[in-house]
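If you want the building blocks of each chain, they are given just below.
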Amino acid sequence: AKMYLYITLNSNLNATCSIDFPLYVENNSIKGDANGDGYVNISDAVLVKGYLLNCEKYSIISDRISCADVSGDNDGINIIDALKIQQYVVGLIDTF
């Protein structure tokens, strides 16, 4: 997306700035899509595993936590969620 910066100087040389950019809002609440790229794939399972091992290094933003919690028990992210995402990716299950 292109962004534009407008600077206007008035007669007193006071500047006012505005930024004009398109607002794009996307609903990315796909179950299993832990990284928010719009797809459920092995990278989501890898991210969940990384998050479980070191949540500071492999963070999942707060609105993606519910997408990563696919086990159906709403108990937060755990290894079962990573396993279910893997099963979904390889076709062993077709829904969460």
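Just above sits the structure.
Throughout, a residue's number is its position along its own chain's written sequence, starting from 1. Local features are withheld for residues below a pLDDT of 70 in this predicted model, meaning they are given only at 70 or higher, and side-chain atom pairs are given and counted only at 80 or more; totals for whole chains, interfaces and linings count all residues. Only heavy atoms go into the side-chain values, all of them from the structure, while hydrogens and water stay out.

Caption draft 1: Broad picture of the pattern of salt bridges. Salt bridges are identified by distance alone: a Lys or Arg side-chain nitrogen within 4 Å of an Asp or Glu carboxyl oxygen. All chains considered together, the criterion is met by one salt bridge. R64 serves as the salt-bridge partner of D33, at 3.5 Å between the closest nitrogen and oxygen. One end of the pair, D33, is in the loop between β2 (15-20) and α1 (42-53); the other, R64, is in helix α2 (residues 62-68), and 31 residues separate them in sequence. Each helix is a run of DSSP H or I of at least 4 residues and each strand a run of E of at least 2, with the numbering of both proceeding from the N terminus.

Caption draft 2: Local environment of the environment of I65. Among the secondary structure elements, I65 is positioned in helix α2. Expressed as a C-alpha distance, the spacing of I65 and V48, which sit 17 residues apart in the sequence, is 9.5 Å.

Caption draft 3: How the structure looks around α1. Under the 1.5 Å per step criterion, the end-to-end length of α1 is 17 Å for 12 residues, consistent within 8% with the ideal 16 Å. Taken together, the buried positions of α1 are D44, A45, L47, V48 and G50. Against the buried residues of α1 lie α2 and α3 (79-89). One less than the residue count of a helix, multiplied by 1.5 Å, gives the span that helix is expected to have. Relative accessible area decides the class of each residue, using a 1.4 Å probe on protein chains only: under 20% of the type maximum gives buried, over 50% gives exposed, and in between gives partly exposed. Pairs of residues are marked as contacts when any of their non-hydrogen atoms sit within 4.5 Å.

Caption draft 4: Examining the nonpolar core more closely. Core analysis: the biggest nonpolar cluster contains 11 residues, these being A34, V40, A45, L47, V48, I60, A68, V70, I77, A82 and I85. Going through the elements one at a time, α1 and α3 are the ones with two or more residues in this core. Looking at which element gives the most residues to this core, the answer is α1, with three residues. Residue contacts for I77: discarding those within four places in its chain leaves V48, Y51, L52, I60, I65, A68 and D69. Among buried residues, those of type Ala, Val, Leu, Ile, Met, Phe, Trp, Tyr and Cys that are joined through side-chain atoms within 4.5 Å constitute a nonpolar core.

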